[in-house]
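Analysis of the macromolecular model
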Amino acid sequence: MKTCLIVDDSKVIRKVARHILETLDFAVTEAADGREALEQCRQSTPDVVLLDWNMPVMSGMEFLRALGTETLSHRPKVVFCTTENGMAHIRAAIEAGADEYVMKPFDRETLHSKLQIVGVA
């Protein structure tokens, strides 16, 4: 079973994403910010991280940069999931190491296609 870490400060978004991912047969864990997510990745690296952009403590971009410096068993695929839709944001996320990008609000079909693109669905 594939694993996904949902990183979002919104409990509602985490709940919706968890429901969608579980219907796609993912084992799901959650983190409310980037620092918590980094700790979880150190303990057990997921196959994919669904990552919010704007969060307190450690933002999605800060998490992505920190993840790049970690020595993990493997590098998880990272799908940025945000309301930031400008080309500059998308380019910055990809350059920082994100594998794909999905806009909020998203549905099961959209998320599933993004996970297929990065090779985890």
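Residues numbered from 1 in each chain as written. Predicted model: local features only at pLDDT ≥ 70, side-chain atom pairs only at ≥ 80, totals over all residues. Heavy atoms only, no water.

All right, on to the nonpolar core then. Ranked by size, the top nonpolar core spans 21 residues in total, and within it L5, V7, V49, L51, F63, V78 and F80 carry the most contacts. Sorting the residues of this core by element identifies β1 (2–7), α2 (34–43), β3 (48–51), α3 (60–69) and β4 (77–82) as the ones contributing at least two each. A total of 5 residues in this core trace back to one element, the largest contributor, which is α3. Setting aside its immediate chain neighbours within four residues, F63 contacts G34, A37, L38, C41, V49, L51 and M58. (Core = buried A, V, L, I, M, F, W, Y, C linked by side-chain atoms within 4.5 Å. Buried < 20%, exposed > 50% of the residue type's maximum accessible area, 1.4 Å probe, protein only. Helix = DSSP H or I, 4+ residues; strand = E, 2+ residues; numbered from the N terminus. Contact = heavy atoms within 4.5 Å.)

Per the UniProt record, "modified residue: 4-aspartylphosphate" (unreviewed entry) is found at D52. Structurally, D52 can be placed in the loop between β3 and α3. The buried category is assigned to D52, whose relative accessible area is 4%. (UniProt positions renumbered as here; feature names shortened; annotations may be inferred.)

Our focus in this paragraph is the environment of D33. Here D33 shows up in the loop between β2 (26–31) and α2. We classify D33 as buried; its relative accessible area is 12%. Counting along the chain gives 24 residues from D33 to V57, while the straight-line C-alpha distance between them is 6.4 Å. Non-local contacts of D33, meaning those with residues more than four positions away in its chain, are made with V7, M55, P56, V57 and M58. A polar contact of 2.9 Å, which involves the side chain of D33, links it to the backbone nitrogen of R35. (Polar contact = N/O pair within 3.5 Å; in protein donor to acceptor, adjacent residues only side chain to side chain.)

Once that is clear, we can look at α3. Where α3 is concerned, the buried positions are G60, M61, F63, L64, A66 and L67. Residues of α3 that are buried sit in contact with α2, β3, β4 and α4 (87–96).

So, about unusual backbone geometry. For the peptide bond that leads from K104 to P105, omega is -10 degrees, which places it in the cis range. Secondary-structure assignment places P105 in the loop between β5 (100–103) and α5 (108–117). Of note in the backbone geometry, D25 takes a positive phi value of approximately 65 degrees without being a glycine. In this structure, D25 sits in the loop between α1 (11–23) and β2. Backbone geometry places V57, a non-glycine residue, at a positive phi of 70 degrees. Mapped onto the elements of the fold, V57 is located in the loop between β3 and α3.

So, about the UniProt feature "domain: Response regulatory" (unreviewed entry) in the protein. UniProt marks residues 3–119 with the feature "domain: Response regulatory" (unreviewed entry), using the numbering shown here. Annotation note: span residues 3–119, helix share 45%, strand share 21%, distance between end C-alpha atoms 13 Å.

Okay, α5 next. Listed as buried for α5 are L111, K114 and L115. Projected down its long axis, α5 carries its buried residues within an arc of 100 degrees, all on one side. Across from the buried face of α5, at angles greater than 90 degrees, the exposed residues are E109 and I117. In this structure, the buried residues of α5 make contact with α1, β2, β3, β4 and β5. Immediately downstream of α5, the backbone of G119 shows phi near 85 degrees, a positive value. (Arc of directions from axis to C-beta.)

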